[in-house]
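Examination of the molecular architecture
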Amino acid sequence: MLLTITTTHRPATDLGYLLVKHPDRLQSFEVSGGTAHVFYPEATEERCTAALLLEADPAAARPSKQPETFTLRQHVNDRPYAASSLLAAAMGRVLRTALRGDSRDRPELAAGPIPLELRIPALRCKGDAAAFFGPLGWTVEATPIPLDTAYPQWGASRYVDLTLRGTLRLADALNHVYVLLPVLDDAKHYWVSSDEVEKLLRAGTGWLAEHPAKAVIARRYLAHRRSLTDEALSRLSDPDTDADVDAEAAARPESLAALRRAAVVRQLIEAGAHRVLDLGCGPGALLGELIRDRRFTEIVGADVSTVSLDMAARRLRLDRLPERQQARIKLLQTALTYRDDRLRGYDAAVLMEVIEHVDPPRLPALAASVFGHAAPATVVVTTPNVEYNVRYPGLDHGHLRHHDHRFEWDRAQFGAWCDEVAARHGYTVTRHGIGEEDPSVGASTQMAVFKK
């Protein structure tokens, strides 16, 4: 996926100050779903172009809504190539300062309009791009991309080559694209919750409330979640109820993912574990927490997906770590439903948000491999609490939190599984909640701590 930003403001290389990215350097960043690179194909006093290139993993880029009839869709799709919410997420991570309109070195320039040309060479476009970007001051050129240049009679594909030209404040320009990318694509690569309303209102400050298509924008951006859309439109029509979105966002509690990682690390520390397995490590979020704590002297990340292990290696910057740090961590490709002697002899193992991705008939094999064969002294398991799903706006009854979940258990089901595994493999087990405890439905995440 590619986004280019060009200006002819003199000196044009001041664009580097606004983006906080030096024109003479290639910079790379680990983002959700892949690696983002920022570089400058041209950088002169007269004209400067910055490019944001996102290398996305097809499996990680899978859209949140998928028909079940095509099981290879997570590996065979257009997500690595066509701009989507993945590119918007990369913008939020890599161009955060520019999106806010901050510039320590060129504050006056950041505050005023400059001539801009933004191009997205491949964008899946549902509707007329001009209807969304035109009211914001852009001259819009959306050229349909042929389905196959060798067969023009087949007509156009669903994709366009989009070019936007105008004189705008850079922060406004980037926020327009940040919001409207997933709107034109009409899909998101992750499940949408209430915090997306805050993102939309923050990025839409100063333009969304007056946009003639604001209802369509809100509905698509919020993945057609009616309750979230109604909340966003209500707050857009009554700005007094949303006087300080940024302050409200800053006061929001720590994310559930961060709370979950902290709870797992706390249990490992309490167990006195030094040699730790992260089983089903994925792209390495927990590994990053573990490597920062010197109490963990040997850390192993294991996953069946080589793509996820590559992402973890990039996230941890393994090739750049000092030798002593590199010696502490190892990544292994393995399937958790098969016995692997390399996983034996460790102090503790973690299955963080893993078991729900395993088909239920395979769970006994996973338990035999982890608890029976690897047999660490401590095993920490976390999984969603399906009872809590009613507290998430827009998550319909019977729907799971993630497209790849094979099941989600209530507290009684999880407790029964924990007790059976503990009895069969010689462990004791205690269970805890992670996140705010609801008196009726419990906490959002369930955690079990098994001890030999």
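Analysis parameters
Residues numbered from 1 in each chain as written. Predicted model: local features only at pLDDT ≥ 70, side-chain atom pairs only at ≥ 80, totals over all residues. Heavy atoms only, no water. pLDDT = per-residue confidence, 0-100. Helix = DSSP H or I, 4+ residues; strand = E, 2+ residues; numbered from the N terminus. Contact = heavy atoms within 4.5 Å. Salt bridge = Lys/Arg side-chain N within 4 Å of Asp/Glu carboxyl O. Buried < 20%, exposed > 50% of the residue type's maximum accessible area, 1.4 Å probe, protein only. Pairing = 2+ DSSP bridges. Axes fitted to C-alpha atoms, helices over the stretch in contact; angles between N-to-C directions. Polar contact = N/O pair within 3.5 Å; in protein donor to acceptor, adjacent residues only side chain to side chain. Core = buried A, V, L, I, M, F, W, Y, C linked by side-chain atoms within 4.5 Å. Phe/Tyr/Trp six-rings, centres within 6.5 Å; stacked < 30°, edge-to-face > 60°. Lys NZ or Arg CZ within 6 Å of the ring centre and 35° of its normal. Patch = residues over 30% accessible without salt bridge, like charges linked within 9 Å, V, L, I, M, F, W, Y side chains within 5 Å. Areas by Shrake-Rupley, 256 points an atom, 1.4 Å probe, with all protein chains shown as cover. Lys, Arg positive; Asp, Glu negative; His and termini not counted. Charge placed at Lys NZ, Arg CZ, Asp CG, Glu CD. Parallel < 35°, antiparallel > 145°, perpendicular 65-115°, else oblique. Nonpolar A, V, L, I, M, F, W, Y, C, P; charged D, E, K, R; others polar.

It is worth spelling out the confidence of the model for the protein chain at this point. Confidence along the protein chain averages 87 in pLDDT terms, with 89% of residues attaining 70 or more. For the protein chain, the element scoring lowest by mean pLDDT is helix H10 (residues 245-250), at 40; strand E11 (residues 348-352) scores highest, at 98. Across residues 63-72, where pLDDT falls below 50, the model places 13 contacts with residues more than four positions away in sequence or in other chains.

This part covers the pattern of salt bridges. Under the criterion given, the structure shown has 25 salt bridges. The partner of Asp185 in a salt bridge is Arg124, and the shortest N-O contact between them spans 2.7 Å. Here Asp185, found in helix H6 (residues 170-185), pairs with Arg124, found in strand E5 (residues 114-124); they are 61 residues apart in sequence, far enough to count as distant. Note on accessibility: Asp185 and Arg124 belong to one class, buried. With its nearest N and O atoms 3.0 Å apart, the salt bridge here joins Arg406 to Asp359. You can see Arg406 sitting in the loop between strand E12 (378-384) and helix H16 (411-425) and its partner Asp359 sitting in the loop between E11 and helix H15 (363-374), a full 47 residues away along the chain.

What follows concerns the sheet that holds strand E2 (residues 27-31). Taken in spatial order, the seven strands of this open sheet run E2-E3-E4-E1-E5-E7-E6, and their pairing is antiparallel. A strand with exactly one partner marks an edge of an open sheet, and here the two such strands are E2 and strand E6 (139-146). Strand-to-strand twist in this sheet, taken as the mean axis angle between neighbours without regard to direction, amounts to 15°. Strand direction decides the pairing type here: strand E3 (residues 34-43) and strand E4 (residues 48-56), joined by eight bridges, are antiparallel. When the bridges of E4 are listed, Ala43 appears paired with Cys48. Docked against the sheet, helix H2 (residues 85-94) engages strand E1 (2-7), E2, E3 and E4, running at close to 120° with respect to E4.

Here the focus is the environment of Arg406. For Arg406, a relative accessible area of 38% translates into the label partly exposed. For the pair formed by Arg406 and Pro360, sequence separation is 46 residues and the distance between their alpha carbons is 7.4 Å. In this structure, Arg406 is in contact with Glu356, His357, Val358, Asp359, Pro360 and Leu400, ignoring residues within four places of it in sequence. Only 3.0 Å separates the side chain of Arg406 from the side chain of Asp359, close enough to count as a polar contact.

Residues Ile5, Leu19 and Val179 are the most contacted members of the largest nonpolar core, which totals 70 residues. A total of ten residues in this core trace back to one element, the largest contributor, which is H6. Grouped together as the second largest cluster of nonpolar side chains are 31 residues, Leu277, Leu351, Ile355 and Tyr427 included.

Scanning the model with the defined rule gives nine aromatic pairs in all. Taken together, a centroid distance of 4.6 Å and an interplanar angle of 15° make the contact between Tyr151 and Trp154 stacked. A residue is classified by how much of its surface remains accessible, and Tyr151, at 40% relative accessible area, is partly exposed. With a centroid separation of 5.7 Å and an interplanar angle of 40°, the aromatic rings of Trp409 and Trp417 are classed as tilted. Residue Trp409 shares its accessibility class with Trp417, and that shared class is buried. The rings of Phe371, Phe407, Trp409, Phe414, Trp417, Tyr427 and Phe450 are connected pair by pair, giving a single aromatic cluster. The ring of Tyr17 has Arg106 lying over it, and the distance from NZ or CZ to the ring centre is 3.9 Å.

Attention now goes to a positive patch on the surface. The grouping of Arg93, Arg96, Arg317 and Arg320 at the surface amounts to a positive patch. Inspection of the secondary structure puts Arg93 in helix H2.

Further remarks concern the packing of H6 against helix H8 (residues 214-221). With their axes 8 Å apart at the nearest point, H6 and H8 run at an angle of 80° to one another. Accordingly, the angle class assigned to the pair H6 and H8 is roughly perpendicular. Contact residues: H6 offers Tyr178, Val179, Leu180, Pro182, Val183 and Leu184, while H8 offers Ile217, Arg220 and Tyr221. A breakdown of the residues in the contact of H6 with H8 according to their chemical character gives eight nonpolar, no polar and one charged.

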